2 protein chains.
Amino acid sequence: MDPIICTVDVVLLTLQDDALKVALLKREREPYQGVAALPGGYIHVESDADTHDAAMRMLRDKAGIVPPYLEQLASFSGPARDPRGWSISIAYYALVPSALISQQHVLLADVDSTLQLPFDHKSILDAAVQRLRSKSQYSSLPCYLAGETFTLPQLQKVYEVLMGEPLNKVSFRRKMDEMDMLEAIEGKMMASGAHRPAQVYRLKAAYRKRLQLLERGL
Amino acid sequence: MDPIICTVDVVLLTLQDDALKVALLKREREPYQGVAALPGGYIHVESDADTHDAAMRMLRDKAGIVPPYLEQLASFSGPARDPRGWSISIAYYALVPSALISQQHVLLADVDSTLQLPFDHKSILDAAVQRLRSKSQYSSLPCYLAGETFTLPQLQKVYEVLMGEPLNKVSFRRKMDEMDMLEAIEGKMMASGAHRPAQVYRLKAAYRKRLQLLERGL
DNA sequence: CCAATAGTGTCTCTGAGACATTATCCC
DNA sequence: GGGATAATGTCTCAGAGACACTATTGG
C-alpha cells in the first residue's frame, strides 16, 4: 500500500486597512517552488504531539508567530490535490492582530481577490473565510483579530468588516454587554481626532483562551 | 520518516425509542479485536477518491447502509490514540432513519450512556453528538433522522430529543413554514390512535441533499 | 359524547433597530 | 462655540412563546 502524504496547512488571517487578509509564503521547495502558498508542511512524527501542535510549529518556524487563536478547519484529501500522490492535508486557521505579523516574512493578500494558489489552497482558504464569517455572527471570535486592547468602535468595525455590513451601534453594544466578556481599562481612553475619546477595553482573562457564544446571533 | 497510519472512522447516528443512538461494530481484527467500536478502517489509496468516499465505502461494506447525510466532523491525531503508532483518523458523522439499520449487523448504544470505546472513539462520538445538537438548533439537519415521510408532531419530537427540551408547537410550525422546505403529501394522513390524524410531509426535492439554515435559531 | 391529539388564531412580552440626545474631545 | 465622534436613553415594530380554541379521529 502506497503511503499517504500527510501535511498540515494553515490559513493565517488578519485585518489590515479594514480588509481581511491571508498570509502567504513563497514555497521553498518543489512542488510549486517559489509560488506563494499557505504555510504548511509535513507532520513530524518524532516531535509533533498532534496536528494542532504541527500547525503551531509551522506558524512559529515559518512566520515567527504564536497565534492567539488556532482552530482545526477540516481535512482535504484525494489523489489529485498534490502532484506527489494521494495526500491528506489537515487544515487549520489562525487569527492574529496585524501588529503580530512582520511583513518581511509573509505576503498579505486580500481574501476576496481572485487569488491563484497552488494545490487546493484556494478551496482551503475559502472554507476558512466562510467558517470565520459564520462564527463571527454569534461569537466573540473577531476579538482575536482586534489585538489585546481596543475601543468599542474599533471592535464594531472589526465585526462589520467580517460580516460585510454595517451594524447598529446600540444593538452591538447591548450584545457586547450581554456577553459580559469585556472589561474597561479604568481611565484609559483612546483619542483619534477632534472629538470625544473612546474607552479602551480588553477581554476578561477568562475569555482570552475561550470563545463566548451568543444565543441569538449578533 | 515513519509512515502515518491514516484511517477513517464514522459516527453513525440514529433515533430509536426517542433517544439518540450510535451504531457500533465488533472489530474484526487487532487491535481491540472483538471490541465494539465505531465503524472505520484504512483509506484505500487505489480505490477511494477521497476520505468522504472512504467513509461511504465503510458504511456500505460494514453496515450495509447508504446514508442520506454524511459530513466530515474533524480529524484526530497523535502518537498515543492507536497502539500501532502515530495515527490520523478523519472522522465523519452520518445520520440515518432507524428503519435503514439492520440490527443484525450493528449494535445500537445510547450516546448519553457511559460507553467504553477503544482508541479515542469516545471523544469522536462526543464531538459528533455535540456537532449534531448544535446544528439542530438552526438547521434542517434533524430531518435526516426522521425518514422519508413524517408528520409535523413526529418531526417536532425529533427536534425535541436532539435539543433535550420541549418546543413550543406554534413557534416550531412557524419555523418549519418559514424554512419552506416541506411539502404536504396531498390526502395522506397518519392516524395513531383515537384522535385526529396528522398530515404527512416530506422534504421538497431541493432540500433532500442540502441543509436549510435559519437566521435566528429554531 | 368523551378523550386525545392535530392544527390554528391571537395576545403579550422580549428584544433588535431607529432615532434622538447628551458627553467630551480638538480646533 | 463648532464640529466630530463616543456613549446612552427611548420609541417602535417584529418575532417568539403562551394560551385558547377549533378540528377530527376512535371508542
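Rules behind the numbers
Residues numbered from 1 in each chain as written. Chains lettered and ligands numbered in written order. Predicted model: local features only at pLDDT ≥ 70, side-chain atom pairs only at ≥ 80, totals over all residues. Heavy atoms only, no water. Helix = DSSP H or I, 4+ residues; strand = E, 2+ residues; numbered from the N terminus. Buried < 20%, exposed > 50% of the residue type's maximum accessible area, 1.4 Å probe, protein only. Contact = heavy atoms within 4.5 Å. Buried area = accessible area lost by both parts, 1.4 Å probe. Salt bridge = Lys/Arg side-chain N within 4 Å of Asp/Glu carboxyl O. Polar contact = N/O pair within 3.5 Å; in protein donor to acceptor, adjacent residues only side chain to side chain. Expected span 1.5 Å × (residues − 1). Near = heavy atom within 4 Å. Nonpolar A, V, L, I, M, F, W, Y, C, P; charged D, E, K, R; others polar. Core = buried A, V, L, I, M, F, W, Y, C linked by side-chain atoms within 4.5 Å. Axes fitted to C-alpha atoms, helices over the stretch in contact; angles between N-to-C directions. Parallel < 35°, antiparallel > 145°, perpendicular 65-115°, else oblique. Left-handed = near helix turned anticlockwise from the far one by under 90°. Least-squares fit on C-alpha atoms with pLDDT ≥ 70 in both. Pairing = 2+ DSSP bridges. Domains from an automatic or database assignment.

Naming follows an unreviewed UniProt entry, where chain A appears as NUDIX hydrolase of Pseudoduganella ginsengisoli.

Residue and element names in this part refer to chain A. Along the chain, the position of Thr149 falls in strand 8 (residues 149-151). Take Thr149: its relative accessible area is 29%, and that puts it in the partly exposed class. Along the primary structure Thr149 and Leu203 are separated by 54 residues, whereas in three dimensions their C-alpha atoms are 7.7 Å apart. The contacts of Thr149, once residues within four sequence positions are left out, are Ile185, Val200, Tyr201 and Arg202.

This part covers the interface of chain B and chain A. Chain B puts 20 residues into the contact, and the matching count from chain A is 21 residues. Together chain B and chain A conceal approximately 1,900 Å² of surface at their shared face, both sides included; 66% is due to carbon and sulfur atoms. At the boundary of chain B with chain A, the tally comes to zero salt bridges. Our count for the chain B to chain A interface comes out at six residue pairs in polar contact (both at pLDDT 80 or more). Elements that contribute at least two residues to the side of chain B that touches chain A include exactly strand 5 (69-78) and strand 6 (87-95) of chain B. Here the side of chain B that touches chain A gets five residues from one element, more than from any other, and that element is strand 5 of chain B.

Before going further, it helps to spend a moment on helix 1 (residues 51-63) of chain B. Residues that lie three or four places apart on an α-helix share one face, since the helix turns once every 3.6 residues. All names here are of chain B. Here helix 1 is 13 residues long and its end C-alpha atoms lie 17 Å apart, about the 18 Å a rise of 1.5 Å per residue gives. Within helix 1 the residues assigned to the buried category are Thr51, Ala54, Ala55, Arg57, Met58, Leu59 and Ala63. A distance of 3.2 Å separates the backbone nitrogen of His52 from a side-chain oxygen at the start of helix 1, and that oxygen is part of Asp50.

Here we come to the pattern of salt bridges. In the structure shown here, the tally under the stated rule is 26 salt bridges over all chains. Salt-bridge contacts for Asp9(A) lead to Arg81(A); the nearest nitrogen and oxygen are separated by 4.0 Å. Here Asp9(A), found in strand 1 (residues 5-16), pairs with Arg81(A), found in the loop between strand 5 (69-78) and strand 6 (87-95); they are 72 residues apart in sequence, far enough to count as distant. Among the residues examined, Arg81(A) registers a relative accessible area of 10% and is labelled buried. A salt bridge links Glu183(B) to Arg202(B); the shortest N-O distance between them is 2.8 Å. Linking Glu183(B) in strand 9 (residues 182-190) with Arg202(B) in strand 10 (residues 198-203), this pair joins segments that are 19 residues apart in sequence. Its relative accessible area of 27% is what places Glu183(B) among the partly exposed residues. Through salt bridges with shared partners, one network takes in Asp9(A), Arg81(A) and Asp120(A).

So, about the protein's contact with DNA strand C. Taken together, 22 residues lie around DNA strand C, and Ser171(A), Arg174(A), Lys175(A), Lys169(B) and Gln199(B) are the ones closest in. Protein-adjacent atoms of DNA strand C, using a 4 Å cutoff, are sugar or phosphate at a proportion of 57%. Take Asn168(A): an N or O atom from its side chain is 3.3 Å from a base nitrogen of DNA strand C. Between DNA strand C and the protein, one listed contact pairs a base oxygen with a backbone N or O atom of His195(A) at 3.0 Å. Within the residue set of the surface near DNA strand C, elements represented by two or more residues are helix 4 (169-179) of chain A together with helix 4 (169-179) and strand 10 of chain B. Class assignment for the residues of the surface near DNA strand C results in eight nonpolar, six polar and eight charged.

Ile4(A), Val8(A), Val10(A), Ile88(A), Ile4(B), Val8(B) and Ile88(B) are the most contacted members of the largest nonpolar core, which totals 50 residues. Contributing elements (two or more residues each) for this core: strand 1, strand 2 (19-26), helix 1 (51-63) and strand 6 of chain A together with strand 1 (5-16), strand 2 (19-26), helix 1 and strand 6 of chain B. In contact with Val8(A), not counting residues within four places along its chain, are Pro39(A), Gly40(A), Gly41(A), Ile43(A), Thr51(A), Ala54(A), Ala55(A), Met58(A), Ser89(A), Ile90(A) and Tyr92(A). Of all hydrophobic cores here, the second largest spans 48 residues; its members include Val111(B), Leu115(B), Ile124(B) and Tyr207(B).

Residues and elements named next belong to chain A. Contact geometry of helix 2 (residues 121-136) with helix 3 (residues 152-163) gives a least axis separation of 9 Å together with a crossing angle of 130°. One finds that helix 2 runs oblique with respect to helix 3. Judged by the sense of rotation from one axis to the other, the crossing of helix 2 with helix 3 is left-handed. Of helix 3, the residues touching helix 2 (which contributes Leu132, Arg133 and Ser136) are Tyr159, Leu162 and Met163. Each residue belonging to the contact of helix 2 with helix 3 can be placed in one class, and the counts come to four nonpolar, one polar and one charged.

Moving on to the relation of the copies chain B and chain A. Expressed as a screw transformation, the operator carrying chain B onto chain A has a rotation angle of 180° and an axial translation of 0.0 Å, and the superposed copies differ by an RMSD of 0.0 Å. Here the copies are linked by what is in effect a two-fold axis. Residue by residue, 100% of the interface of chain B is reproduced at the interface of chain A, so both copies engage with the same surface.

Residues and elements named next belong to chain B. Taken in spatial order, the three strands line up as 8-10-9 in an open sheet, and their pairing is antiparallel. Each edge of the sheet is formed by a strand with only one pairing partner; in this case those strands are strand 8 (149-151) and strand 9. Averaged over all adjacent pairs, the angle separating strand axes in this sheet is 40°, with direction ignored. Here strand 9 pairs with strand 10 via five bridges, running antiparallel. By the bridge assignment for strand 10, Leu182 is matched with Leu203.

As a further point, take the domain arrangement of chain A. All names here are of chain A. For chain A, the assigned domains read domain 1 (5-136) and domain 2 (148-207). Computed from C-alpha coordinates alone, the two centres of domain 1 and domain 2 are separated by 29 Å. Taken together, the contacts link seven residues of domain 1 with six residues of domain 2. A buried area of about 600 Å², summed over both sides, lies between domain 1 and domain 2, and 72% of it is on carbon and sulfur atoms. It is Leu15, Asp18 and Ser136 in domain 1 that bury the most area against domain 2; as a group they hold 68% of the surface buried on that side. At the boundary of domain 1 and domain 2, one finds zero salt bridges. For the pair domain 1 and domain 2, the number of links is one residue pair in polar contact (both at pLDDT 80 or more). Those elements giving two or more residues to the side of domain 1 that touches domain 2 turn out to be strand 2 and helix 2.

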